[in-house]
Amino acid sequence: MVLFIFQLLAQQMQDVSGDRGVLKEVIRKGNGENVPYDATVIVKFSGYLEHAEKPFDTNCFSRNPRMLKLGEDITLAGMEIGLLTMQRGELSRFLFSPDYAFGKLGCPPLIPPRATVLFEIELLDFLDTAESDAFCALSPGAQDTFALEKIIKIAGTEREFGNYLFKRNRFSDAKNRYKQAISVLSREPLFEVDRNLLKAAQLLVYLNLSLTYLKLNRPCRALMWGEKALEIDDKSAKGLFRCGQACLEIKEYEKARDFLLKAQKQEPFNQEINNELKRLASSYQDYLDRQREMCSRMFGSLSLSSTTNKA
């Protein structure tokens, strides 16, 4: 009796569902803890039918794979079960029986009825956002019942999520997470010590939002968030620097110079600040040169017109 390829593979694979509906073979081990329930994962995957050389579905050609939240964005039960067994950096091969894949009907025209499918999945990373997502789904009144420490922890998770997205150049997604963090931190504290803790947490997010809007080429919004940061700490070198950058982009050179010189006073040897001051000087000089050239042309045209009229 000739065994099919999937049957041969199944003989050496681990049963992770308990009924052999989801089988697993580790190709490259990962490290750390397994993916928790309700996490948000970043994966590369390719799905194959038996005897097919090319995948029927893959995201391996995507530079920035879409983030997927377990329990919401993943449609195959087998993939969800498989991901919960994986660690960061792991590459594994899975076989999903029809009950854990596309069912009795399949998914015409690509997937035939009662098809067992093979998936190769690489877990690039995951973020445990379950606690944060559950909190943000509550009403404002329900959120206000939580202790301040919990509020700051939730906001920190949102900010870390934003940082993760920012590092991968997903600036619009990062902006949304930072704004979620600000929303979490919007409560009015009763005590001064609580107010100071909230302000410290808000400062970090305001600075992140200012930088993110600069990356999104929206300097006016970057300036707004930078000024909010300076309302909390008017000596924040990062806040002054962000505002200086934003003013330079909108060609408010005097304001840019004021912000950048104040930032330089706080951190005299900061190369980024010093380089921005050089860029300001160059941009301002170019601006003056263009203004002189424009005035010269305008007055030259007026002079020529006056001469013509006299003739």
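Taking an unreviewed UniProt entry as the reference, the chain is identified by name as peptidylprolyl isomerase belonging to Hymenochirus boettgeri. Under the Sequence similarities (unreviewed entry) heading, UniProt states for the chain: "Belongs to the FKBP6 family."

A. Just helix H5 (residues 148–167), in detail. For H5, with 20 residues, the first-to-last C-alpha span of 28 Å sits near the 28 Å given by 1.5 Å per residue. Of the residues making up H5, those classed as buried are Leu-148, Ile-151, Ile-154, Ala-155, Thr-157, Glu-158, Phe-161, Gly-162, Tyr-164, Leu-165 and Phe-166. Looking one or two residues beyond H5, the residue adopting positive phi is Asn-169, at roughly 60 degrees.

B. Fine view of the pairing of strand E4 (residues 40–49). Most of E4 sits out of view: 9 of its 10 residues are buried. As paired elements, E4 and strand E9 (residues 117–127) share 10 bridges and run antiparallel to each other. Across the sheet, the residue bridging to Lys-44 is Glu-122, located in E9. Looking at chain direction, E4 and strand E5 (residues 57–58) are connected through 2 bridges and run antiparallel. Looking at E5, one finds that Gly-47 is bridged to Asp-57.

Thresholds applied
All residue numbers refer to position in the chain's written sequence, counted from 1. Note on the predicted model: pLDDT of at least 70 is required for a residue's local features to be given, and 80 or more for side-chain atom pairs to be given and counted; whole-chain, interface and lining totals, by contrast, use all residues. In computing side-chain properties, one takes all heavy atoms of the structure into account and sets aside hydrogens as well as water. UniProt positions are given in the numbering used here, feature names are shortened, and annotations may be inferred rather than shown by experiment. What counts as a helix is a DSSP run of H or I of at least four residues, what counts as a strand is a run of E of at least two, and both are numbered from the N terminus. In this scheme, a helix's expected span is set at 1.5 Å multiplied by one less than its residue total. Here's how the labels work: a residue is buried when its accessible area is under 20% of the maximum for its type, exposed when over 50%, partly exposed in between, all with a 1.4 Å probe on protein chains only. Two strands form a pair only when DSSP identifies at least two bridges running between them.

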